[in-house]
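So the chains spell out like this:
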Amino acid sequence: MARDPRYDVLFEPVKIGPVTAKNRFYQVPHCNGMGRSYPSSMAEMRRVKAEGGWAVVTTEEVEIHPSGDHSPWMGGRLWDDRDIPVFARMCDAVHAHGALAGCELNHAGVMAANRYSRDVPLAPSHIPVAMPDPVQARAMDLSDIHDLRRWHREAAVRARDAGFDIIYVYAGHQLSTISHFLSPYRNRRSDAYGGSLENRARLLREVLEDTRDAVGDTCAIALRFSVDELKGPDGITSDGEGRDLVEMLAELPDLWDVNISGWENDSATSRFKASGYQEDYIRWVKSVTSKPVVGVGRYTSPDAMVSLIKNGVLDFIGAARPSIADPFLPKKIEDGRVEDIRECIGCNICVSGDNTFVPIRCTQNPTMGEEWRKGWHPEKIAKAHAPESVLIVGAGPAGLEAARALGQRGYDVTLADRAQDLGGRLRSERLLPGLAEWGRVVDYRTWQISQMANVETFASSDMTEQSVREFGADHVVVSTGAHWTRDGIGRENPHAINIIDGSNILTPDDVMAGQRPSGPVTVFDDDHYYMGGLIAELLSKDGFDVTLVTPSTHVSEWAHNTLEQHRIQARLMGMGVKVMLSHNLIAVAPGTATVACGYTNATTVLEVESTVLVTMRSPVDGLYQVLSKASLPNLARIGDCLGPSTIAAAVYSGHRFARELGEPEMGNVPFRRELPALAPVIDSERQL
Ligand code: ADP
Ligand code: SF4
C-alpha cells in the first residue's frame, strides 16, 4: 500500500551539518544492556532499526575514558583503538540500509564509581559519587579539564574511524561530566569554569569546538541537552538558564537533541506521564536556533508526529521506546500500514534490562534483544513446515502472542478463552489507575489476529479435557495463566501465615473483580513490583484507610528498575497511605493484622478490618495437568501457567513457543553466545 499523503512531511530529507538524514525518524541514544558485553547483539539490534526505516540510529552512551567507567552498566566503550571494531560493525550494518549512525560519547564523572577501572572519579567539585559506593569524586583542576577535552577529541576521532556520521556531545540527564559542570546543582567552582552560566558552559563550548575541529569536516556534531532538570531553582530550568544556554550556543552544534533531566523524567512511564509531556519544556527551542531539533515524547501516532513538524516544534521525531516496541514504525507509516504499528505501552521493562545488567527486553516486542542471539526478526518468521492445527486455551498475553505468531507462520490456529473478552490478566489490569496504555498489548494482538483468515477466536469457551479432546487439534497449548494466592506464602514467608477463621482476606484478583474491604485495610506487598502499590492507590482513591506493609525498604522496590519507584512512593504518601517498611505480616485475625519488624522482630498489631495479600501467584494449570496425565500428545504450556512472571515474560513465552514449534531443538543453550576472545597467556614472572 502507498503511504497516506498526510504523512509525506515525515519522509522529507533533513540536512544535519555535513550529512543528510533520509527522513525525519530519529532513534535517539538509548541503553540496551548489551553494548560492549554483547556487541553482535547490539549491532544486529541497531541494524534492524535501520532496516525498519529510521533515518538515524544512534548508540547508547559510549565511555571515552577509564576515569568515566560506568560498570556494571553495559554501555559502549571507545577507550582506545581496540574498541573501534565493535562500532564499525554497527555502523556498517546501519549504513547498509541507508541510515546514518550516531555515537553518544560520554564521560560519566560523578555518576560512575569506576568500579572496574578503579580510577578516582572526576567532578567539577569534590563530592561523593551518585552510586551508593563509599567513593568520592575529586574536583578537576585545569590539567584534568585539559585531559578530558583530549579524551573526548580522541574518542571523536575513533568514532569517526568506526564509521559514525553524527558525533554527540552529551550534556544531558545529569549523566555526564559536561552536564555536571553546566548545572548549578553540582558545580561549586569559583574559577573560570564555575559561577556564571557562561563559565559553567565553558567546558561544553570547548568540547563542542574541539569535536568540530577533530571531525566536523565529515561528521555532524550533535548536542544532547536537558533544557530542564526539574529541580526548580537548584538546577537548570526551561524558562531560565535552559533557554539562555540554547541562545548562547544556538549555532554551534549541527543538531540539538533536547529533553528534560534526569532519565526518570525523560523516560517517564505512562502510569505517570502522558505521551508528549515534554513538549511544554522544549517547544521554544526551534525559535532560538536555525539548526535542526530532535525531541522525544513516546510518540507512536503519525498524526501527532505531523503536527509536531507542521507546528514548528521539532524537525525530527525522536524515539527510543517507540523504536524498541516497533523497530519498523517508520516503514509501516511509509507502507500505509499505520494500524500495524506495535505501540509502546510506556512500562519501562526495556529500561529494567539495562538496570539489571542484562540484554534489553520489551513487553510489546518479544524479539527485542533477540535479533542476533536467536535470529528473531520483528516482522519475519519462518513458515510452518506442515499444515497443522493448534488449539490455544487461554487468551492472555501469552496465548494472544502465540496465536498471532503461529498465525503469521501459517498454522491453523484456534484461540479459546472462558472469559467474555480476550486479554487475560490485562482485562482487569488495564483498568488499574494509570495502566490504560498497557491495554495496547491486547489491542495490537487482537487486531492482528482479526486480520488472519487462519486464526479463529472463541470467547466464553470454557475448555475441559473432554472439549479439548473432541476438538482434535494437532497441537494443544495451555496458557491459562495464574491467580493470586491467599495463604501469605511468598518471598518473606515460605510457609502459610497464621490466618484465623473469620478474617477478611482479599487478593488483588478480588479487588480487581470489584470486591472491597469492610473498613480500614492493610495491603501486604511481598511482590515488590507494581501490584501492591496500585492496590493501595486504588483503595485509597475509593476512600479506604490504607496501610501498606512491606518487608522491603522501599514501596514497590523493583520499580527502581523501571524508573518509577520514587513516583509511586511519593504518590502513595501524598494520598495519605500509611507506609510500614521493613515489616513482615505474620498473622491475621478478625479486626487485626500483626506485623513484625524485619530487624528486631518487635510486633505491632494493626486494627484493620481487611487484609489484601499481594504475595505470589499460583499457576492455573489444572487443565494442563489432567491432559498431561492422560498423555495427550503434542501438549505444551506457556506464560503464567508455566511460570508466573511479568507480562513481558508471558508475551516472550508465547512468541518463543510459536517460533520453536516444528523446528529442531537447539540443545542446552537455546541461543547464540558471544564468548570473549582469550588474550595470550602473560609471562607472569617477567611481568613481576
Ligand atoms: P498469561 O499472562 O500467561 O497470558 P493470563 O492469566 O493473562 O495468562 O490469561 C489466562 C487466560 O486463560 C484467562 O483469560 C482465563 O480466562 C483463561 N482460562 C483459564 N482456564 C481456562 C479454561 N479452562 N478454558 C478457557 N480459558 C481459560
Ligand atoms: Fe515501551 Fe514497555 Fe517496550 Fe519499553 S518495554 S519499549 S516502555 S512497551
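Conventions used here
- Residues numbered from 1 in each chain as written.
- Chains lettered and ligands numbered in written order.
- Predicted model: local features only at pLDDT ≥ 70, side-chain atom pairs only at ≥ 80, totals over all residues.
- Heavy atoms only, no water.
- UniProt positions renumbered as here; feature names shortened; annotations may be inferred.
- Helix = DSSP H or I, 4+ residues; strand = E, 2+ residues; numbered from the N terminus.
- Salt bridge = Lys/Arg side-chain N within 4 Å of Asp/Glu carboxyl O.
- Buried < 20%, exposed > 50% of the residue type's maximum accessible area, 1.4 Å probe, protein only.
- Near = heavy atom within 4 Å.
- Polar contact = N/O pair within 3.5 Å; in protein donor to acceptor, adjacent residues only side chain to side chain.
- Areas by Shrake-Rupley, 256 points an atom, 1.4 Å probe, with all protein chains shown as cover.
- 1 Å grid on protein atoms, 1.4 Å probe; cavity = no way out; pocket = protein on both sides within 12 Å on 5 of 7 lines; lining within 4 Å.
- Sits in = over half its atoms within 2 Å of the grid points.
- Nonpolar A, V, L, I, M, F, W, Y, C, P; charged D, E, K, R; others polar.
- Pairing = 2+ DSSP bridges.

Peer 1: Would you take a moment to explain the UniProt feature "domain: NADH:flavin oxidoreductase/NADH oxidase N-terminal" (unreviewed entry) in the protein chain for this structure?
Peer 2: Feature annotation in UniProt places "domain: NADH:flavin oxidoreductase/NADH oxidase N-terminal" (unreviewed entry) on residues 10-338, given in this structure's numbering. Secondary structure within residues 10-338 divides into 34% helix and 19% strand; the distance between the first and last C-alpha atoms comes to 13 Å.

Peer 1: Explain the pattern of salt bridges here, please?
Peer 2: Should the charged atoms of two oppositely charged side chains come close, the side chains can pair. Enumeration over the complete set of coordinates arrives at 58 salt bridges. Between Asp-144 and Arg-138 there is a salt bridge; the shortest N-O distance is 2.6 Å. Assessed through its relative accessible area of 32%, Arg-138 is described here as partly exposed. The closest approach of N and O atoms between Arg-430 and Asp-443, which form a salt bridge, is 2.9 Å. With Arg-430 in the loop between α16 (425-429) and α17 (440-450) and Asp-443 in helix α17, this residue pair connects regions lying 13 residues apart in the sequence. Each of Asp-81, Asp-147, Arg-150, Glu-154 and Arg-158 takes part in a single network of salt bridges with overlapping partners.

Peer 1: Please explain the site of ligand 1 as it appears in this structure.
Peer 2: Neighbouring ligand 1 are 21 residues, the closest being Ala-398, Asp-417, Arg-425, Arg-427 and Asp-640. Between Asp-640 and ligand 1, the recorded distance is 2.6 Å, taken from a side-chain N or O atom to an oxygen atom. If ligand 1 stood free it would expose 590 Å²; the protein chains cover 94% of that surface. Most atoms of ligand 1, that is more than half of them, are within 2 Å of grid points of the second largest pocket. Secondary structure elements with two or more residues in the shell around ligand 1: α15 (397-409) and α16. For the shell around ligand 1, a count of residues per class yields 7 nonpolar, 8 polar and 6 charged.

Peer 1: Would you take a moment to explain the sheet that holds strand β25 (residues 583-589) for this structure?
Peer 2: Strand-to-strand pairing in sheets goes through backbone hydrogen bonds, with the strands running parallel or antiparallel. With mixed pairing, 4 strands are arranged side by side in an open sheet as β20-β25-β26-β27. Only two strands of the sheet have a single partner each, and these edge strands are β20 (498-499) and β27 (603-607). With 6 bridges connecting them, β25 and strand β26 (residues 592-597) associate as antiparallel partners. Along β26, the bridge assignment pairs Ala-587 with Thr-594.

Peer 1: Honestly, the pairing of strand β28 (residues 610-614) in this entry has me stumped. Any pointers?
Peer 2: Along any regular strand, the residues point their side chains to alternate faces of the sheet. Burial analysis of β28 places 5 of its 5 residues in the buried class, the great majority of the element. Here β28 shows two buried faces, one formed by Ser-610, Val-612 and Val-614 and the other by Thr-611 and Leu-613. Examined bridge by bridge, strand β21 (residues 504-506) and β28 share 3 bridges and lie parallel to one another. Residue pairing for β28: Asn-504 is matched across the bridge by Ser-610. For strand β22 (residues 521-525) and β28, the ladder comprises 5 bridges, and the chain directions are parallel. From the neighbouring strand, Val-521 faces β28, where its bridge partner is Ser-610.

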